[in-house]
Amino acid sequence: MASVKVYGPPLSTAVSRVLACLFEKEVEFQIINVEMAKGQHKTPDYLKIQPFGQVPAFQDEQVTLFESRAICRYVSEKYGKQGNKGLFGLDLITKASIDEWVEAEGQSFNPPSSALVFQLAFAPMMKLKQDPNVIKQSEEKLVKVLDVYERRLGESRFLAGEEFTLADLSHLPNTQYLVDRTDKGGLFTERKNVGRWWDEISSRDSWKKVVDMQSLPPKS
Ligand SMILES: N[C@@H](CCC(=O)N[C@@H](CS)C(=O)NCC(=O)O)C(=O)O
C-alpha cells in the first residue's frame, strides 16, 4: 500500500490539484474516501487532520498537511528527485516566480473562478438556486484577472517562465470546470495566449489522469 494518502473526492478542485501534483511527481498514493454528503469532513476525527473541516487532507507517513497548494509544495520538495524535477523550480529565482503565480492563483484567480464553478457547474448538479449577482460580479473580476494573464502569457510560454510548473498546475482544476462544464469557457479559449496555454497545460498526461478519475456524468 502506498504511504501517501489523500483524503477527499477527485471531483473536488482542491483535491484534484494535489492529485495532479502527485502524478507529475510520479508519487504513488491512495485516495481515502471522505463521505462529505454525510458530513464526515466535520467529524472530530477528521478535524484532527484538517482543522477547517475541508478536503483535501494529506498524510505521508508521520506528516499530515492541509491546504492543497501547501501540499503541492511539500510533495514537489520531498520527492524532488523523481518525476517532473522542475515542478517547483530548481533555483531561488525560479521558485520565487512560481510562488508569485501560485499566490496569484490563490488570491486573485481562485475567488472569482471558484465562485463561478460553484454557481454554474455545481449548483445545477446539486439542484441549488444560482445567484445572478455573484455570477455577474465574479465574471467581471475574472475577466480583469485574465487580462493580466493574457499579457503575461504573451511574454512567456508558461506563467513562471518557459517550463510547466506548479504555477500552471494550480490553475487546472477550476479552469477545467469553467471550460468543460459552464458557458464561460470562451473567457479562456478565445484569448490568444491564455487559449494556447490552456490547450498545452490541459493536455498533460498527469492532468488527463485526474480528469479520468473524476468520472463526471456526460455534459448536459
Ligand atoms: N484552500 C483550501 C480549500 C479547500 C476547500 O475549499 N475544499 C472544499 C472542496 S473543493 C470543501 O472541502 N468544501 C466543503 C466545506 O467547506 O465544508 C485548499 O486549497 O485545500
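If you check an unreviewed UniProt entry, the protein appears there as glutathione transferase from Stephania yunnanensis. As recorded by UniProt, the Catalytic activity (unreviewed entry) comment attached to the protein reads in full: "RX + glutathione = an S-substituted glutathione + a halide anion + H(+)". Annotation of the protein in UniProt includes, under Sequence similarities (unreviewed entry), the sentence "Belongs to the GST superfamily. Phi family."

Enquirer: Can you lay out the sheet that holds strand S3 (residues 57-60) for me, pointing to particular residues and giving the numbers?
Expert: Reading across from one edge, S2-S1-S3-S4 is the order of the four strands in this open sheet, with mixed pairing throughout. The open sheet has two edge strands, strand S2 (30-32) and strand S4 (63-66), and neither has a second partner. Each strand of the sheet is rotated relative to its neighbour by a mean of 20°, with strand direction disregarded. Where helix H1 (residues 13-24) meets the sheet, its contacts fall on strand S1 (4-7), S2 and S3, and the angle it forms with S1 comes to roughly 155°.

Enquirer: Residues and numbers for the pairing of S1, please.
Expert: Relative to S3, S1 runs antiparallel, the two being bridged by four bridges. Along S3, the bridge assignment pairs Val 4 with Asp 60. Pairing geometry for S1 and S2, over three bridges, is parallel. Bridging across to S2, Val 6 finds its partner in Ile 31. Crossover connection from S1 via H1 to parallel S2: handedness right-handed.

Definitions and limits used
- Residues numbered from 1 in each chain as written.
- Predicted model: local features only at pLDDT ≥ 70, side-chain atom pairs only at ≥ 80, totals over all residues.
- Heavy atoms only, no water.
- UniProt positions renumbered as here; feature names shortened; annotations may be inferred.
- Pairing = 2+ DSSP bridges.
- Helix = DSSP H or I, 4+ residues; strand = E, 2+ residues; numbered from the N terminus.
- Axes fitted to C-alpha atoms, helices over the stretch in contact; angles between N-to-C directions.
- Contact = heavy atoms within 4.5 Å.
- Right-handed = clockwise from strand over helix to strand, strands pointing away.

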